[in-house]
Amino acid sequence: MSSRITHRQEIPKQPPQERIHNFKEVALGYDEERAVAEAKRCLQCPNKPCVRGCPVGIDIPAFIKEIAERDFAAAAEILREKNSLPAVCGRVCPQEEQCEKSCTLAHKSQPIAIGCLERFVADWELNKSPSHQVTRSPVKTRNPLPATRSPLSVAVIGSGPAGLTVAGELAKLGYSVVIFEALHLPGGVLTYGIPEFRLPKEIVKEEIRYLQSLSVEIKTDYVIGKIETIDGLFKRGFKAVYVAIGAGLPKFMGIDGENLIGVYSANEFLTRVNLMKAYLFPRVATPIKIGRRVGVIGGGNVALDSARTAIRLGAEEVYILYRRSAEEMPARAEEFENAREEGIKFRFLTQPIRIIGDRKRNVRAIECIRMKLGEPDTSGRRRPIPIVGSNFVIELNTVIVAIGTGANSLLPGSAPDLEVNEKGYIKVDAEGRTSKKGVFAGGDIVGGSATVIAAMGMAKRAALAIDRYIRSLRSAGAVRSETSGAVRSETSDKESGKKNFI
Ligand code: FAD
Ligand code: SF4
């Protein structure tokens, strides 16, 4: 399918001067003609290097070939075989570090825009038949849903990408899956963290509706470790439990002034805006206060999301304060470019050392020190070293700390036989098995903050392991082949008219 077209198709975007005044999606996506033109650039390499770069092993040349031939339904089917959240991944995966990095064309000219093509197909499918009511008839899909559902039940704790993926995979295998989510909306970081202008919440809702169309049940406002324990879930009849609670505990720098008025953790700041829609205040109950000059500490996706959110909330000047250089920034390249276009000011090799307040304890400024880069550290990135005497002050009214998050100990604390490492992350083997029988885990709570696709990859492996585990119970006679306890209890609750579960 080699073609004369060699340049990569640009993705149309809202102009920067327009988009900094709204929360609508920045990247507008390919139309059909652009998608087909881009797909025709694909060389259909027989050794498929791009597939090796994809953590969930999507057959990339195959779905691209279908786009080139304008069979978008077939392309969508190929995507769904390996990825239950393609509209999300097409938007937020760091493709430049994964499939596109491995693309043969990356060495010759520009790699195929695999992410844009994935997004195009997923959006085409969603637009064609939203809500997934009747979208995927078993006749059409390559992996048809089983005609009868297994009564065996699995509980999933957390509804981020890992939880949603394991739930989808297990539902396709015939399990009854119930997801327990602490917040009032499902989606994890996709809902409360990544802003609307990068990942519209309607897309996340559609992906979740697809899972619900596979009969996955989602119970929100349900904190496991508080309302119920893992052992309690087993008692209620679940045969296995998957823990996918993410790593959302904000980290602070431990410098003076972090408790001043006007200092947010990125987690709180983004949750107010994304989950609680504070940008619509006073039409919604949650307010957000933003100063004229905002400093965001950090250099990852979370820092860029916070900075770009701040500018949309009306801040006049927004600084990213990052202790290394642009090269070491972990944020997606596309978002770095978008942030620059939107006027975010980058202060590289800058380490904040003190936040300064006024007499009323409001943030007034931040004191920083300049850094230089030394030898690579354990992360492989060059270590930042302070330059003595290089201190300087930037006047600010708001500071957002986006230097990472850690494991929340609430759930592991309620299950003492669930082993965690020294940082509080749950210990698992290669298939996601924990130290506790029947309990599996994956996503950020296992390896620390990573990526959507990494969480999904772990979840897919764990789903197979959970299936094998429950089959082994079954062949040992430990699982009744009749209705499980969980299903039976739910039925009796429905009969007694109770609204909630078990
Ligand atoms: P989460 O998405 O964190 O989901 C965990 C869920 O578990 C949450 O809904 C939480 O409420 C729930 N939960 C927690 N405790 C309990 C409990 N005790 N009981 C019940 N429920 C519980 N990755 C990318 O690939 N690309 C990006 O562009 C990108 N941008 C990001 C931007 C931001 C602002 C953030 C914060 C992260 C970003 N990431 C990005 C990282 C990515 O979102 C995470 O790696 C991914 O979401 C991890 O998925 P998870 O399922 O492990 O956890
Ligand atoms: Fe197409 Fe690039 Fe994959 Fe080759 S490596 S098949 S050009 S996407």
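Residues numbered from 1 in each chain as written. Chains lettered and ligands numbered in written order. Predicted model: local features only at pLDDT ≥ 70, side-chain atom pairs only at ≥ 80, totals over all residues. Heavy atoms only, no water.

Colleague: Sorry if this is basic, but what is going on with the nonpolar core here?
Modeller: Nonpolar side chains tend to gather and get buried jointly when the protein is soluble and globular. Counting 79 residues, the largest nonpolar core has Ile60, Phe63, Ile64, Ile67, Leu117, Tyr242 and Ile466 as its most contacted members. Per-element tally for this core: the top contributor is helix 19 (residues 452–475), with 12 residues. Counting contributing residues per domain, this core is built from domain 1 (16–132) and domain 2 (153–247 + 409–496), each supplying no fewer than three. In contact with Ile60, not counting residues within four places along its chain, are Cys50, Val51, Cys54, Cys99 and Ile114. Tyr264, Ala307, Ile320 and Ile344 belong to the second-largest nonpolar core, a separate cluster that totals 30 residues. (Core = buried A, V, L, I, M, F, W, Y, C linked by side-chain atoms within 4.5 Å. Buried < 20%, exposed > 50% of the residue type's maximum accessible area, 1.4 Å probe, protein only. Helix = DSSP H or I, 4+ residues; strand = E, 2+ residues; numbered from the N terminus. Domains from an automatic or database assignment. Contact = heavy atoms within 4.5 Å.)

Colleague: When you look at the site of ligand 2 in this model, what are you seeing that I'm missing?
Modeller: Around ligand 2, the structure places Cys42, Leu43, Gln44, Cys45, Pro49, Cys50, Pro61, Cys103, Thr104, Ile112 and Ile114. Tallied by class, residues from the shell around ligand 2 come to 9 nonpolar, 2 polar and no charged. (Near = heavy atom within 4 Å. Nonpolar A, V, L, I, M, F, W, Y, C, P; charged D, E, K, R; others polar.)

Colleague: Before we go on, may I ask you to explain the pattern of salt bridges in this structure?
Modeller: Opposite charge on two side chains makes pairing possible when the charged atoms of those side chains draw close. The final tally for this structure, using the stated rule, is 44 salt bridges. Here the salt bridges do not stand alone but share partners, grouping Lys13, Arg19, Arg198, Asp305, Arg308, Arg312, Arg332, Glu334, Glu335, Glu337, Glu341 and Glu342 into one network. (Salt bridge = Lys/Arg side-chain N within 4 Å of Asp/Glu carboxyl O.)

Colleague: Even after reading the chapter, I still don't get helix 2 (residues 32–39), so can you show me in this structure?
Modeller: One full turn of an α-helix is made of 3.6 residues, so residues set three or four places apart face in the same direction. Of all the residues in helix 2, the buried ones are Ala35, Val36, Ala37, Glu38 and Ala39. Packing partners of the buried residues in helix 2 comprise helix 4 (60–68), helix 5 (72–82) and helix 9 (114–128).

Colleague: Whenever I open this one, the packing of aromatic side chains confuses me. Can you help?
Modeller: To describe a pair of aromatic rings, you give the distance between the ring centres and the angle between the ring planes. Inspection of every chain in the model, using the stated rule, returns 11 aromatic pairs. Ring geometry for Phe440 and Tyr469: centres 5.8 Å apart, planes at 65 degrees, overall edge-to-face. Here Tyr469 lies in helix 19 and Phe440 lies in strand 16 (residues 439–441), a separation of 29 residues in the sequence. When its relative accessible area of 17% is taken as the criterion, Tyr469 is described as buried. (Phe/Tyr/Trp six-rings, centres within 6.5 Å; stacked < 30°, edge-to-face > 60°.)

Colleague: What am I meant to see in the confidence of the model for the protein chain here?
Modeller: Close inspection of predicted coordinates is inappropriate in any region flagged by low pLDDT. Counting all residues, the mean pLDDT for the protein chain is 88, and 89% of those residues have values of 70 or more. Contacts for the low-pLDDT stretch residues 132–149, under 50 throughout, to residues beyond four places or in other chains number 29 contacts. Below a pLDDT of 50 lies the segment residues 481–502, which in the model reaches 39 contacts outside its immediate sequence neighbourhood of four places, other chains included. (pLDDT = per-residue confidence, 0-100.)

Colleague: How should I be thinking about the site of ligand 1 in this particular structure?
Modeller: With respect to spatial proximity, 34 residues lie near ligand 1, and among them Val92, Glu181, Arg198, Ile224 and Asp444 are the closest. Within the contact set of ligand 1, a nitrogen atom lies 3.1 Å away from a backbone nitrogen or oxygen of Ala182. Listing elements by their share of the shell around ligand 1, those giving two or more residues are helix 10 (161–172), helix 15 (301–312) and helix 19. Residue contributions to the shell around ligand 1 peak at 3 residues, all from helix 15. Looking at the shell around ligand 1, its residues break down into 20 nonpolar, 9 polar and 5 charged. Each of domain 2 (153–247 + 409–496) and domain 3 (252–403) contributes no fewer than three residues to the shell around ligand 1. (Polar contact = N/O pair within 3.5 Å; in protein donor to acceptor, adjacent residues only side chain to side chain.)

Colleague: Looking at this structure, how should I read the sheet that holds strand 4 (residues 240–243)?
Modeller: Think of a sheet as strands paired side by side through backbone hydrogen bonds, with each pair either parallel or antiparallel. Strand order across the open sheet formed by 5 strands is 3-2-1-4-16, with parallel pairing between neighbours. Of all the strands in the sheet, the pair left with one neighbour each is strand 3 (217–219) and strand 16. Taking the axes of each pair of neighbouring strands and ignoring which way they run, one obtains an average angle of 20 degrees across the sheet. Pairing of strand 1 (residues 153–157) with strand 4, which is carried by 4 bridges, proceeds in the parallel orientation. Bridge pairing in strand 4 places Val156 opposite Tyr242. (Pairing = 2+ DSSP bridges. Axes fitted to C-alpha atoms, helices over the stretch in contact; angles between N-to-C directions.)

Colleague: What's the story with the sheet that holds strand 6 (residues 263–265) in this structure? I'm lost.
Modeller: Strand order in this open sheet of 5 strands is 6-14-7-8-9, and the pairing throughout is parallel. The open sheet has two edge strands, strand 6 and strand 9 (345–347), and neither has a second partner. On average, each strand axis in the sheet is tilted by 20 degrees relative to the strand beside it, whichever way the strands run. In terms of strand pairing, strand 8 (residues 317–321) meets strand 9 through 3 bridges, oriented parallel. By the bridge assignment for strand 9, Ile320 is matched with Phe346. The sheet contacts of helix 14 (residues 266–275) involve strand 6 and strand 14 (398–401), and relative to strand 6 the element is tilted by about 85 degrees. Across the sheet, helix 15 is in contact with strand 7 (293–297), strand 8, strand 9 and strand 14; its angle to strand 8 comes to roughly 170 degrees.

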